[in-house]
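For reference, the chains in residue letters:
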Amino acid sequence: SRAFLSCGQPAPAADTSVTKVSKLINALSDDDPKVRAAAANRASSLESTHLLEALIGALSDTDTPVRKNAANAIAQIPGEKATQSAIRNLTHADPAVRIALYDRFHQQAELAASLLPVLCSGLSDPDNSIRQRAASAMRRITGIGTNAITAEMVKAFKHRDPAVRREAIQYLSA
């Protein structure tokens, strides 16, 4: 028999993953920015590719916490489609969005060589947190000869940002 709530109504059945995702997608377009931000925040723990399009749309939200939480969620979603979405939004106007998306690459153990140009462009970002994350991520690139990465790290060694120079030193001294 089903459990009853204190008001005498039956407790709702447990949500399935599909139902949760559907509810989060709807909540991402709620009138209240706190609801939208909470939905985007919860989406990061689900790591569902079904949420990707709604989260990409949330990057255009007028509310900063919604944009930041959406970017954090995109950074957690596995797969090539999410990676490409992250790359396309690395030049987003909001630094909080860029930081969250660069974290996708900064925190991975190994990165594909095709990301080198994208990460190099991050060294020119006006935000020092992004520059440091881009340099750190560059050290994780695999699949190409070290010459291309070493050449970029030698350039990074002369960078105006000390955090970028420290990452270059770590790479060059490894």
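What counts as what
Residues numbered from 1 in each chain as written. Predicted model: local features only at pLDDT ≥ 70, side-chain atom pairs only at ≥ 80, totals over all residues. Heavy atoms only, no water. Helix = DSSP H or I, 4+ residues; strand = E, 2+ residues; numbered from the N terminus. Buried < 20%, exposed > 50% of the residue type's maximum accessible area, 1.4 Å probe, protein only. Salt bridge = Lys/Arg side-chain N within 4 Å of Asp/Glu carboxyl O. Contact = heavy atoms within 4.5 Å.

Peer 1: Quick question: what am I supposed to make of the side chain of Glu152 here?
Peer 2: Take Glu152: it is sitting in helix α9 (residues 146-157). Among the residues examined, Glu152 registers a relative accessible area of 19% and is labelled buried.

Peer 1: How should I be thinking about the pattern of salt bridges in this particular structure?
Peer 2: When charged atoms on two side chains of opposite charge get close, those side chains can pair. In total, this model carries seven salt bridges according to the counting rule given. Arg67 is paired through a salt bridge with Asp94; the nearest N and O atoms lie 2.9 Å apart. Here Asp94 lies in the loop between α5 (80-88) and α6 (95-106) and Arg67 lies in helix α4 (residues 64-76), a separation of 27 residues in the sequence. Per residue, the accessibility class of Arg67 equals that of Asp94, and both read buried. The residue Asp161 makes a salt bridge to Arg131 at a minimum N-O spacing of 2.8 Å.

Peer 1: Sorry if this is basic, but what is going on with unusual backbone geometry here?
Peer 2: With the exception of glycine, the majority of residues adopt a negative phi angle, and the majority of peptide bonds are in the trans configuration. The phi torsion at Glu47 lies on the positive side, around 50 degrees, for a residue other than glycine. For Glu47, the location among the structural elements is in the loop between α2 (33-46) and α3 (52-58).

Peer 1: I tried to follow the side chain of Ser44 on my own but got confused; where do I start?
Peer 2: The residue Ser44 is located in helix α2 in this model. Residue classification places Ser44 among the buried residues on the basis of a relative accessible area of 16%. In this structure Ser44 touches Asn72, Ala73 and Gln76, once residues within four positions along its chain are discounted.

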